[in-house]
Amino acid sequence: MNTIVCFGEILLRIGASGPDPLLRTPALAGHVGGAEANVAVSLACLGHGASMVTTLPDHALGDACIAELRRHGVDTSAIRREAGRLGLYFLSPPAMLRPSQVIYDRAGSAFAQASAEAYHWSDLLRGARWLHVSGITPALGERASQALDAAISAAETLGIGVSFDCNFRPTLWRGRESEGARALAALARRATLLFGGALDVATMFGQDFTASLADEALALAARAAFAECPKLEWLATTQRIARSIDHHELTGYVATRTGLAASRRFDLQPIVDRVGAGDAFAAGVLHARLHGMDAQQAADFGAAAGALKHSITGDFSILRETEILNLLNSNGLDIQR
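On a predicted model such as this, the values are computed, not experimentally measured, just so you know.

Participant: Which parts of the structure should I look at to understand the nonpolar core?
Facilitator: Most often, soluble globular proteins have nonpolar side chains that are buried together. The biggest cluster of nonpolar side chains holds 54 residues, and the ones touching the most others in it are Phe7, Trp121, Phe164 and Leu194. Ignoring sequence-local partners within four residues, the contact set of Leu194 consists of Phe164, Cys166, Ala188, Met204, Ala225, Leu232, Trp234, Leu235 and Ala236. Listed in part, the 41 residues of the second largest apolar core include Ala40, Ile79, Val254 and Phe316.

Okay, here's the thing in structure tokens:
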């Protein structure tokens, strides 16, 4: 039986095949993605049983999404099929001084239109140790929000841990920002493990940490989150310093009710693809948690997983545990033979 159940929308990413802006060249590249699916793939590649629960359209695009998840070891038996459309997002890649841009085209997708009653959570979560969800789902509409609520309620009844990635996407909440903050805060209060930084905590709970230095702001935000969220055991996040479009520095953090652990800072240059790095970090922290690692080990492993994702094209991180441990344990970059 599967260990981690991930619930959310699967998307098709359509992007330029090179550094030029979207549609400036005739070629486009497609990748399967979506925050929760990214986590499921990462966990499967790290050796865990991972199951994806979602609704996909009953046509060739849905078939392709399922095949891609299966290729990486994710259990797709719980994926529902209905008539409808697949959610899309278009990615214009970054170059030099031009940042990347995401355009969503996911309104009215088969996932967003699926009713909450379509998911039988007592069966879907039977035998699971963990449920992973994100703040993207409630932004997609009332039906998706109700389905997410039912999933968490079932997990609470069964005593299953809940990890919640805030993933606040302003464009998905446009015109409903205050509603989004309230929705995410309510979900965070039900989480065992929360993925979110100082800005996420400030948005959800109406606090301001901008006057503090970055590390101080995170420590203050963690205290605020623990005060607001009675079930919360860990808060995890990354701090990214952008030196240029393709040169970033990344540090991972895991806060507990008694302290804050920080990884070493990873220098990322040149960046191949940063999309999905936060999900790779989340999967790394979950991996550490499921293996009984402490907060420091989780911060280290999660940050290394997130850092290495920047070397892989597409939304998925397909890294094995040995590759991440090699980065943590070795200073050498020689060929591994």
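Participant: Sorry if this is basic, but what is going on with the packing of aromatic side chains here?
Facilitator: When we look at a pair of aromatic rings, we describe it by the centre distance and by the angle of the planes. With the rule as written, the count across this model stands at 6 aromatic pairs. Between Tyr89 and Tyr104, the ring centres sit 6.3 Å apart and the planes meet at 55°, which makes this aromatic pair tilted. Pair noted here: Tyr89 is in strand S7 (residues 87-92) and Tyr104 is in strand S8 (residues 101-105), with a separation of 15 residues, a long-range link. Taking relative accessible area as the criterion, Tyr104 reaches 26% and is therefore assigned partly exposed. Judged by centre distance (5.7 Å) and plane angle (25°), the rings of Tyr119 and Trp121 are stacked. The exposure class of Tyr119 is buried, given its relative accessible area of 6%. Of the residues examined, Trp121 reaches a relative accessible area of 4% and is grouped as buried. An aromatic cluster is defined as three or more aromatic residues linked by ring pairs; in this entry it consists of Phe7, Phe111, Tyr119 and Trp121. Directly above the aromatic system of Tyr119 lies the positively charged group of Arg80, at a separation of 5.6 Å from the ring centroid. In this structure, Arg289 is placed above the aromatic ring of Trp234, and the distance from its NZ or CZ to the ring centre is 4.9 Å.

Participant: I keep staring at the pattern of salt bridges and nothing clicks. Help me out?
Facilitator: Per the stated rule, a full pass over the model turns up 17 salt bridges. Of the charged contacts, one joins Arg243 and Glu249 as a salt bridge, the two residues approaching to 3.2 Å between their closest N and O atoms. On the accessibility criterion, Glu249 (13% relative accessible area) is buried.

Participant: Hey, could you run me through the sheet that holds S8 in this one?
Facilitator: Where strands meet in a sheet, backbone hydrogen bonds hold them as pairs that are either parallel or antiparallel. Here we have 4 strands laid out as an open sheet, ordered S3-S2-S7-S8, and mixed in their pairing. A single partner strand is all that each edge strand has here, and the edge strands are strand S3 (28-33) and S8. On average, adjacent strands in this sheet sit at an angle of 25° to one another, irrespective of strand direction. Across 6 bridges, the pairing between strand S2 (residues 11-16) and S3 is antiparallel. By the bridge assignment, Gly15 is partnered in S3 with Ala29.

About the thresholds
Residues numbered from 1 in each chain as written. Predicted model: local features only at pLDDT ≥ 70, side-chain atom pairs only at ≥ 80, totals over all residues. Heavy atoms only, no water. Core = buried A, V, L, I, M, F, W, Y, C linked by side-chain atoms within 4.5 Å. Buried < 20%, exposed > 50% of the residue type's maximum accessible area, 1.4 Å probe, protein only. Contact = heavy atoms within 4.5 Å. Phe/Tyr/Trp six-rings, centres within 6.5 Å; stacked < 30°, edge-to-face > 60°. Helix = DSSP H or I, 4+ residues; strand = E, 2+ residues; numbered from the N terminus. Lys NZ or Arg CZ within 6 Å of the ring centre and 35° of its normal. Salt bridge = Lys/Arg side-chain N within 4 Å of Asp/Glu carboxyl O. Pairing = 2+ DSSP bridges. Axes fitted to C-alpha atoms, helices over the stretch in contact; angles between N-to-C directions.

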